[in-house]
Amino acid sequence: MSDTREWLVQWLRDAHAMEEQAETMLNGQLSRLESYPELSKRISQHVDETKGQAARLRTCLESLDEDTSTLKDAGGKLMAAAQSLSGVFAGDEVMKGSLASYTFEHMEIASYRILIAAAESLGETEVARVCEQNLREEEAMAEWLKNNLPATTEQFLARTASDSDDAKR
């Protein structure tokens, strides 16, 4: 097996773990966003996209006669659970979650760009196609977050100014 192929497999495993982490993180946020229905709706949609992304990555690994990394997947989920729990104690949980989500989307975008380049260099056109599909979904979520961060911030600040208990979530 070539070093290049080994890197592609490694990065596909990393991306799968990243999507498992994202699903756990998003579900944690989603369970506590009662007061932000638009954000909640978009995160819910992205949870479904994230599940599809992980499934497609698993299929890519299988097509290369490889499997996901149970250790990496579990580690990613554990990190996301810890991050999600830490938000419960923040007075501005919705803002911390929005910041984390926007940052995470850009990490995912960079990961998929790397995977596409590696897959193309190996002639793995189906892997590249799958990663391009995942990339488009991540870019769309990052764009949505970028466009909606001002409104979320304004809602948070307005609720905080009125001493509303639902500002945080």
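Look a little higher up for the structure.
(A) Expanded view of the overall build of the protein chain. The number of helices and strands found in the protein chain is five helices and zero strands. Written out in order from the N terminus, the α and β elements of the protein chain read α-α-α-α-α. Excluding contacts between residues fewer than 6 apart, the proportion of contacts in the protein chain whose partners are at least 24 apart in sequence is 81%. Summed over its atoms, the accessible surface of the protein chain is roughly 8,600 Å², and 56% of this surface lies on carbon and sulfur atoms.

(B) A look at the nonpolar core. Residues Leu8, Leu12, Tyr112, Leu115, Val127 and Cys131 are the most contacted members of the largest nonpolar core, which totals 24 residues. Elements with a contribution of two residues or more to this core: α1 (3–30), α2 (37–63), α4 (93–121) and α5 (125–161).

(C) Examining unusual backbone geometry more closely. Phi is positive for Asp65, close to 55°, though the residue is something other than glycine. Along the chain, Asp65 turns up in the loop between α2 and α3 (70–87). Exposure remark for Asp65: the relative accessible area of 70% places this residue in the exposed category.

(D) Representation of the packing of aromatic side chains in the model. Inspection of every chain in the model, using the stated rule, returns one aromatic pair. Between Arg159 and the ring centre of Tyr36, over which it is positioned, the NZ or CZ distance is 4.4 Å.

(E) Molecular detail of the state of the cysteines. Scanning the model with the defined rule gives zero disulfides in all. Sulfur of Cys60: no disulfide; nearest cysteine sulfur belongs to Cys131 and is 5.6 Å away.

(F) Molecular detail of the pattern of salt bridges. Counted according to the given criterion, the structure contains ten salt bridges. Put simply, Glu93 and Arg32 hold a salt bridge, and the shortest N to O gap is 2.4 Å. Placement of Glu93 in helix α4 and of Arg32 in the loop between α1 and α2 is noted, with a sequence separation of 61 residues between them. Per residue, the accessibility class of Glu93 equals that of Arg32, and both read buried. Between Arg56 and Glu137 there is a salt bridge, with the nearest N and O atoms lying 2.9 Å from each other. Placement of Arg56 in helix α2 and of Glu137 in helix α5 is noted, with a sequence separation of 81 residues between them.

(G) Focus on α5. Over its 37 residues, α5 extends 53 Å from the first C-alpha to the last, a length consistent with the 54 Å expected when each residue adds 1.5 Å. A bend of about 45° at Asn148 is the largest found in α5, and the proline Pro150 appears one to four places after it. After α5 finishes, the residue Asp163 shows a positive phi value of roughly 55°.

(H) Region of the structure containing the packing of α1 against α4. With their axes 10 Å apart at the nearest point, α1 and α4 run at an angle of 160° to one another. It follows from the interaxial angle that α1 and α4 lie roughly antiparallel. The chirality of how α1 crosses α4 is left-handed.

Calculation rules
Residues numbered from 1 in each chain as written. Predicted model: local features only at pLDDT ≥ 70, side-chain atom pairs only at ≥ 80, totals over all residues. Heavy atoms only, no water. Helix = DSSP H or I, 4+ residues; strand = E, 2+ residues; numbered from the N terminus. Contact = heavy atoms within 4.5 Å. Areas by Shrake-Rupley, 256 points an atom, 1.4 Å probe, with all protein chains shown as cover. Core = buried A, V, L, I, M, F, W, Y, C linked by side-chain atoms within 4.5 Å. Buried < 20%, exposed > 50% of the residue type's maximum accessible area, 1.4 Å probe, protein only. Phe/Tyr/Trp six-rings, centres within 6.5 Å; stacked < 30°, edge-to-face > 60°. Lys NZ or Arg CZ within 6 Å of the ring centre and 35° of its normal. Disulfide = S-S within 2.5 Å. Salt bridge = Lys/Arg side-chain N within 4 Å of Asp/Glu carboxyl O. Expected span 1.5 Å × (residues − 1). Bend = angle between axes of the 7 residues up to and from the residue. Axes fitted to C-alpha atoms, helices over the stretch in contact; angles between N-to-C directions. Parallel < 35°, antiparallel > 145°, perpendicular 65-115°, else oblique. Left-handed = near helix turned anticlockwise from the far one by under 90°.

By themselves, these observations are geometric and do not establish any function.
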